Amino acid sequence: MSSNKIKIIFSGTPEFAQPSLESLAADSRFEILGVITQPDRPAGRGQKIATSAIKQSAQKLGLTVWQPQKIKSLAAELKKLSPDFLVVVAYGQLLPREILEIPKYGAVNVHGSLLPKYRGAACIAAPILNGDKNSGITIMLMNAGLDSGPILKQTEIILDPKETAASLHDKLSHLGAKDLGNTLVSFYSGKIKPKDQPLEGISYFSSLKKEVGLLEWTKSAEILDQEIRAYYPWPGSFTTWQRRRLKITKAEVLKETELKNKLPGTTLLIDKKLVVACGQGFLNILELQLEGGRVLKIEVFLDGHPQIAHAQLGS
RNA sequence: CGCGGGGUAGAGCAGUUGGCAGCUCGCCAGGCCCAUAACCUGGAGGUCGUCGGUUCGAAUCCGACCCCCGCAA
């Protein structure tokens, strides 16, 4: 029926990929032949079987869903569909050459950084952690390497000083979705020439480990602030208080610092603010969550836990 | 059956040898003050998650269920 539409197989897993899938599905220039996503797995509290965000979207859109343990097993089936593009957005597995070679025009990836900077899975946390002023989206052709293929389109955005991984994730996922359709069409019609990534400025940022969320109060307030924003909401930043895990979800560097340096991790109550001494400077805690409890704004937390105003965190 | 913490006033938390239900904040009223988010006085507001059991008597002990959350994935 739609023989003049560009035929796409979509591959992705988490929420980050949803805007891309949904915008392609809503775009009459494309026909989505099916969606590949990670298998349903036990996840979360209680180990209930969870379906990926993309599977949910695909089902809502009435699209065919494949969930292979190994994507190679789909090779023959995909080949028969003779897709023009394989579009990959955060699928979660490396794709073998055998699969990448199936689509007639190539496999296209949406990546959340300005490549070649921040190749790898933690491309959203990386710029915040490094205090960068900008980041962006790269749409590229995939090759056998890790995020190393030729660039089709790149769009930069300026980071907000209070940017968190959550807010940047949201911005980039929509930016990628917005660029994707036109980029595919332009490349399809020969208007874009892929450019090889520069050899200068390559960096890698592989997926975050849980331990990075531990706040080391001997670091400077500025660094800790960047960590808290980069790791929000996952894996989160935490310290300990009265032998319980205390997550810090929101904080800022205390600007007026006529305070004398104290032992890192010491808390003070100043002007109804909860302030923690760091290796250099002070951090003003705005929002936190004690193990077992909800996330609370600091003034509410203090109503029930006034003792935290004179404590030693992380010990 | 992955491990664990928790559901008490609008919010956040105390409260197990079972015996009149408390604290901080907020809210209402009054007072102080040039004034105030500050301070003082008084007040309203609770089926103690739900259902059942034990007991003279249950927030508290027992059982089932619902909901929230941390870890781990």
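What counts, and where the lines are drawn
- Residues numbered from 1 in each chain as written.
- Chains lettered and ligands numbered in written order.
- Predicted model: local features only at pLDDT ≥ 70, side-chain atom pairs only at ≥ 80, totals over all residues.
- Heavy atoms only, no water.
- Helix = DSSP H or I, 4+ residues; strand = E, 2+ residues; numbered from the N terminus.
- Buried < 20%, exposed > 50% of the residue type's maximum accessible area, 1.4 Å probe, protein only.
- Areas by Shrake-Rupley, 256 points an atom, 1.4 Å probe, with all protein chains shown as cover.
- Lys, Arg positive; Asp, Glu negative; His and termini not counted.
- Charge placed at Lys NZ, Arg CZ, Asp CG, Glu CD.
- Axes fitted to C-alpha atoms, helices over the stretch in contact; angles between N-to-C directions.
- Parallel < 35°, antiparallel > 145°, perpendicular 65-115°, else oblique.
- Left-handed = near helix turned anticlockwise from the far one by under 90°.
- Contact = heavy atoms within 4.5 Å.
- Nonpolar A, V, L, I, M, F, W, Y, C, P; charged D, E, K, R; others polar.
- Pairing = 2+ DSSP bridges.
- Domains from an automatic or database assignment.
- Buried area = accessible area lost by both parts, 1.4 Å probe.
- Patch = residues over 30% accessible without salt bridge, like charges linked within 9 Å, V, L, I, M, F, W, Y side chains within 5 Å.
- Salt bridge = Lys/Arg side-chain N within 4 Å of Asp/Glu carboxyl O.

A closer look at the overall build of chain A
- Along its length, chain A carries 8 helices and 15 strands.
- Its C-alpha atoms give chain A principal-axis dimensions of roughly 70 × 45 × 30 Å.
- The proportion of buried residues among the 315 residues of chain A is 49%.
- Just so you have it, chain A exposes about 16600 Å², and 51% of that area is on carbon and sulfur atoms.
- Charge separation in chain A, taken as the distance between the mean sites of 40 positive and 31 negative side-chain charges, equals 4 Å.

Focus on the packing of helix α1 (residues 18-25) against helix α2 (residues 53-60)
- The interhelical angle for the contact between α1 and α2, taken along N-to-C directions, is 20°, at an axis separation of 10 Å. Taken together, α1 and α2 sit at an angle that is classed as roughly parallel. When the axes of α1 and α2 are compared, the crossing they make is right-handed. Across from Q18, L21 and E22 in α1, the residues of α2 making contact are A53, I54, S57 and A58.
- For the contact of α1 with α2, a count of residues per class yields 4 nonpolar, 2 polar and 1 charged.

Some words on the sheet that holds strand β2 (residues 30-36)
- One open sheet holds the 7 strands; their spatial order is β5-β2-β1-β6-β7-β8-β9, and the pairing between them is mixed. At either margin of the open sheet sits one strand with a lone partner, and together these are β5 (65-66) and β9 (151-158).
- Note that strand β7 (residues 106-111) and strand β8 (residues 134-141) share 4 bridges and pair antiparallel. When the sheet's bridge partners are listed, N109 is paired in β8 with M140.

Points about unusual backbone geometry
- Cis geometry marks the peptide bond from L115 to P116; its omega dihedral reads 15°.
- Relative to the assigned elements, P116 resides in the loop between β7 and α5 (125-129).
- The backbone of S82 shows a phi angle near 35°, a positive value even though the residue is not glycine.
- Mapped onto the fold, S82 is located in the loop between α3 (75-81) and β6 (85-89).
- A positive phi is found at Q242, a non-glycine position, where the angle reads about 50°.
- Within the secondary structure layout, Q242 lies in the loop between β10 (237-241) and β11 (244-253).

Some remarks on the domain arrangement of chain A
- Partitioning chain A into structural domains gives domain 1 (6-188) and domain 2 (211-308).
- Relative placement of domain 1 and domain 2: their C-alpha centres are 35 Å apart.
- In this assembly, 12 residues from domain 1 lie in contact with 7 residues from domain 2.
- Taken over both partners, the interface formed by domain 1 and domain 2 buries close to 730 Å², and the fraction arising from carbon and sulfur atoms is 61%.

Digging into a nonpolar patch on the surface
- On the surface, a cluster of nonpolar side chains totalling about 570 Å² of accessible area is made up of L94, L146, L199, I202 and Y204.
- Along the chain, L146 falls in the loop between β8 and β9.

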